[in-house]
Amino acid sequence: MEQNNLAKTHKLSLDNRKQMNLTGIKDVVAFDLNQILLESTLGMIHIKGKDLKVARLSIEKGEVNIGGTIDSIVYSEVKDYGEKSKSFVKRMFR
């Protein structure tokens, strides 16, 4: 499998709600200690929890590792940064 295809494949692994590894990530849109918003090849991913931190990030490879206590993971279909996406980000980070 080529490196380009690896970056497009989306995978998520979660270990004991403390460590999350993701592939197929295009961008980290926003983050703080309680939530992280990612753009993936399958849409937006909104992660909520406590003491969240991006432990490792490689946009070139499309990989992100997140630590902390993960409470929820929600996918949505918003894929671009138009006005619809901006209002989505505002709603998620109120």
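That block above? That's the structure.
This report concerns the structure included in the present document. (Residues numbered from 1 in each chain as written. Predicted model: local features only at pLDDT ≥ 70, side-chain atom pairs only at ≥ 80, totals over all residues. Heavy atoms only, no water.)

1. Some remarks on the overall build of the protein
Secondary structure summary: the protein contains 2 helices and 6 strands in total. Shown N-terminal to C-terminal, the secondary structure of the protein runs as helices and strands in the order α-β-β-β-β-β-β-α. Contacts in the protein between residues far apart in sequence, at least 24 positions, make up 46% of those at least 6 positions apart. Accessible surface, the protein: about 5,900 Å² in total, of which carbon and sulfur atoms supply 52%. (Helix = DSSP H or I, 4+ residues; strand = E, 2+ residues; numbered from the N terminus. Contact = heavy atoms within 4.5 Å. Areas by Shrake-Rupley, 256 points an atom, 1.4 Å probe, with all protein chains shown as cover.)

2. A closer look at the sheet that holds strand β2 (residues 19–23)
Here 6 strands make up an open sheet; going across it, the order is β1-β2-β6-β5-β4-β3 and the pairing antiparallel. Lying at the two open borders of the sheet, with one neighbouring strand each, are β1 (11–15) and β3 (25–31). Averaged over all neighbouring strand pairs, the angle between strand axes comes to 35 degrees, with direction disregarded. (Pairing = 2+ DSSP bridges. Axes fitted to C-alpha atoms, helices over the stretch in contact; angles between N-to-C directions.)

3. Observations regarding the nonpolar core
Met20, Leu22, Ile25, Val28, Ile36, Leu38, Ile45, Ile47, Leu52, Val64, Ile66 and Ile70 together form the largest nonpolar core, which totals 12 residues. Of all the elements in the fold, those that place two or more residues in this core are β2, β3, β4 (35–40), β5 (43–58) and β6 (63–76). The residues touching Ile25, leaving out its near neighbours within four places in the chain, are Leu38, Glu39, Ser40, Ile45, Ile59, Gly62 and Val64. (Core = buried A, V, L, I, M, F, W, Y, C linked by side-chain atoms within 4.5 Å. Buried < 20%, exposed > 50% of the residue type's maximum accessible area, 1.4 Å probe, protein only.)

4. Regarding a nonpolar patch on the surface
A contiguous nonpolar patch, built from Leu12, Leu14, Leu42 and Tyr75 and spanning about 340 Å² of accessible area, is present on the exposed surface. Relative to the elements of secondary structure, Leu12 occurs in strand β1. On the basis of relative accessibility, which here comes to 34%, the residue Leu12 falls in the partly exposed class. (Patch = residues over 30% accessible without salt bridge, like charges linked within 9 Å, V, L, I, M, F, W, Y side chains within 5 Å. Salt bridge = Lys/Arg side-chain N within 4 Å of Asp/Glu carboxyl O.)

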